[in-house]
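Examining the three-dimensional arrangement
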Amino acid sequence: MNTFTRALTATLVSSLALTAVAAVGPPVAHAMDRSVIGGDAARTADHPWVVAVGSRQLFGSARSGQFCGAAVVSARTVVTAAHCFDRQILGADPDRVRDFRVIAGRDDLRGEQGREVAVSDIWVNPRYDRRTNAGDLAVLTLAKPLPGAAVPLAGAGDAAYGAGQSASVYGWGDTGGDGSYASSLHSSRVRVLKDRECATAYPGGAAAGRFRAETMVCAGLPEGGRDACQGDSGGPLVAGGKLIGLVSWGSGCGVAGQPGVYTRISALEKEITGRMRD
Ligand code: ARG
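Residues numbered from 1 in each chain as written. Predicted model: local features only at pLDDT ≥ 70, side-chain atom pairs only at ≥ 80, totals over all residues. Heavy atoms only, no water.

**A look at the overall build of the chain**
Within the chain one finds five helices and 13 strands. Counting the 278 residues in the chain, one finds 56% classified as buried. For the chain, the share of sequence-separated contacts (at least 6 apart) that also reach a separation of at least 24 residues comes to 71%. When the accessible area of the chain is evaluated, it comes to approximately 11400 Å², of which 51% is carbon and sulfur surface. (Helix = DSSP H or I, 4+ residues; strand = E, 2+ residues; numbered from the N terminus. Buried < 20%, exposed > 50% of the residue type's maximum accessible area, 1.4 Å probe, protein only. Contact = heavy atoms within 4.5 Å. Areas by Shrake-Rupley, 256 points an atom, 1.4 Å probe, with all protein chains shown as cover.)

Right under this line is the structure:
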């Protein structure tokens, strides 16, 4: 298990504890207006491709079982992070989980707005490397379509990958870097960084992972303060109206000089389009 996985597992465990409290007591007051990290409340009506992945069997019902974010890329196809289906993350063998759902149109996970659609197939990128996080992609096929929700994919060379491009990341994850999971969707605005800057931030070694431009893109702000965090994994990073990344890893959350690292969509475009059933 690498450091990132360990950190995530710890947060998921604390999120479960939180869930248990929320189920019996009054709603826990989270840092509601600061989520993802340094973000603002967002509405799925404005960004219908932002969806959550959940399992009530594994994570309980208080937050609709949410454990990762994801993006709708065609009516029946949803992309998320491969690491969302790691045994250590789920605390269970994914093959034994019977109720993986994609939750669409639900801004607040405590409510019943929107729909929950069963997942009929999960393809975890066989080239995903859990040691380095390279190729962190899973493609989910939905049992029923979500028409009109898809976001277009950014292909190789798309201007949306240009350094300095403004991008937004969406999720229901940790808002304070301390296990304070959001109930409602948030988004944070960051900038796409040069591969060289990402490599400098993450040279590899004992403390942090290594940035690999072949399958990763990184984004953040020089001063930190805006980022994705635990629980946002698999969620979309969108620039110029196109999906450029999926939340994958980072060292801490919103730390200056430690940008968020995302799965580079253009690098895995064929893996995605080849699995679109519509
Ligand atoms: N691995 C985390 C997750 O599973 C995502 C961490 C993203 N971290 C960051 N600083 N952008 O939720």
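**Here we look at the state of the cysteines**
Put plainly, two cysteines are in a disulfide when a covalent bond ties their sulfur atoms together. Within the structure shown, the criterion is met by three disulfides. Sulfur-sulfur distance for the disulfide between C68 and C84 comes to 2.1 Å. With the S-S bond torsion at -95 degrees, the cross-link from C68 to C84 turns out left-handed. With a gap of 16 residues between them, C68 in strand 3 (residues 66–74) and C84 in the loop between strand 4 (77–80) and helix 3 (87–90) connect regions that are remote in the sequence. Each of the two residues, C68 as well as C84, counts as buried. Residue pairing for C229: its cysteine sulfur links by disulfide to C253, the two sulfurs lying 2.1 Å apart. In this structure, the disulfide formed by C229 and C253 twists by about 80 degrees around the S-S bond and is classed as right-handed. Here the residue C229 occupies a position in the loop between strand 10 (216–220) and strand 11 (236–239), and C253 occupies one in the loop between strand 12 (242–249) and strand 13 (260–264), the gap between them amounting to 24 residues. This pair shows no difference in class: C229 is buried, exactly as C253 is. If you count the bonded cysteines of the chain from the N-terminus, they pair up as 1-2, 3-4, 5-6. (Disulfide = S-S within 2.5 Å.)

**Section: the pattern of salt bridges**
Inspection of the entire model under this criterion finds eight salt bridges. A salt bridge links D108 to R110; the shortest N-O distance between them is 2.8 Å. The residue D158 makes a salt bridge to K242 at a minimum N-O spacing of 2.8 Å. Of this pair, D158 sits in the loop between strand 7 (138–142) and strand 8 (166–171) while K242 is found in strand 12, placing the two residues 84 residues apart along the sequence. Given a relative accessible area of 27%, K242 falls into the partly exposed group. It is possible to trace a salt-bridge network through shared partners that takes in R56, R106 and E116. (Salt bridge = Lys/Arg side-chain N within 4 Å of Asp/Glu carboxyl O.)

**Let's talk about the site of the ligand**
Near the ligand you find 16 residues, and of these H83, D227, G231, S233 and G252 are the closest. Here H83 contributes a side-chain N or O atom positioned 2.7 Å from an oxygen atom of the ligand. Contact with the protein chains removes 98% of the 350 Å² of surface that the ligand exposes when unbound. Partitioning the shell around the ligand into residue classes produces six nonpolar, eight polar and two charged. (Near = heavy atom within 4 Å. Polar contact = N/O pair within 3.5 Å; in protein donor to acceptor, adjacent residues only side chain to side chain. Nonpolar A, V, L, I, M, F, W, Y, C, P; charged D, E, K, R; others polar.)

**A few points about the sheet that holds strand 7**
Read around the barrel, six strands follow the order 2-3-4-7-6-5 and close on themselves; strand pairing throughout is antiparallel. Ignoring which end each strand starts from, the neighbouring axes of this sheet average 40 degrees apart. Note that strand 6 (residues 115–124) and strand 7 share five bridges and pair antiparallel. Residue pairing across strands places V124 opposite A138, the latter belonging to strand 7. (Pairing = 2+ DSSP bridges. Axes fitted to C-alpha atoms, helices over the stretch in contact; angles between N-to-C directions.)

**Digging into the side chain of D136**
Residue position: D136 is located in the loop between strand 6 and strand 7. Within the buried set, D136 has no salt-bridge partner at all; the shortest N-O distance to an opposite charge, 8.9 Å, is to R130. Once residues within four sequence positions are removed from consideration, D136 is found in contact with T80, A81, A82, H83, Y128, S248 and T263. (Lys, Arg positive; Asp, Glu negative; His and termini not counted.)

**With respect to the nonpolar core**
F67, V79, F85, L243 and I244 are the most contacted members of the largest nonpolar core, which totals 64 residues. No other element matches strand 3, which puts six residues into this core. Counting eleven residues, the second largest nonpolar core, distinct from the first, contains L193, C198, C218 and W249. (Core = buried A, V, L, I, M, F, W, Y, C linked by side-chain atoms within 4.5 Å.)

**So, the confidence of the model for the chain**
Note: predicted coordinates in regions of low pLDDT should not be interpreted at a detailed level. Per-residue pLDDT for the chain averages 88, and the proportion of residues at 70 or more is 87%. Contacts from residues 1–35, a stretch scored under 50 in pLDDT, to residues over four places away or in other chains number 59 contacts. (pLDDT = per-residue confidence, 0-100.)

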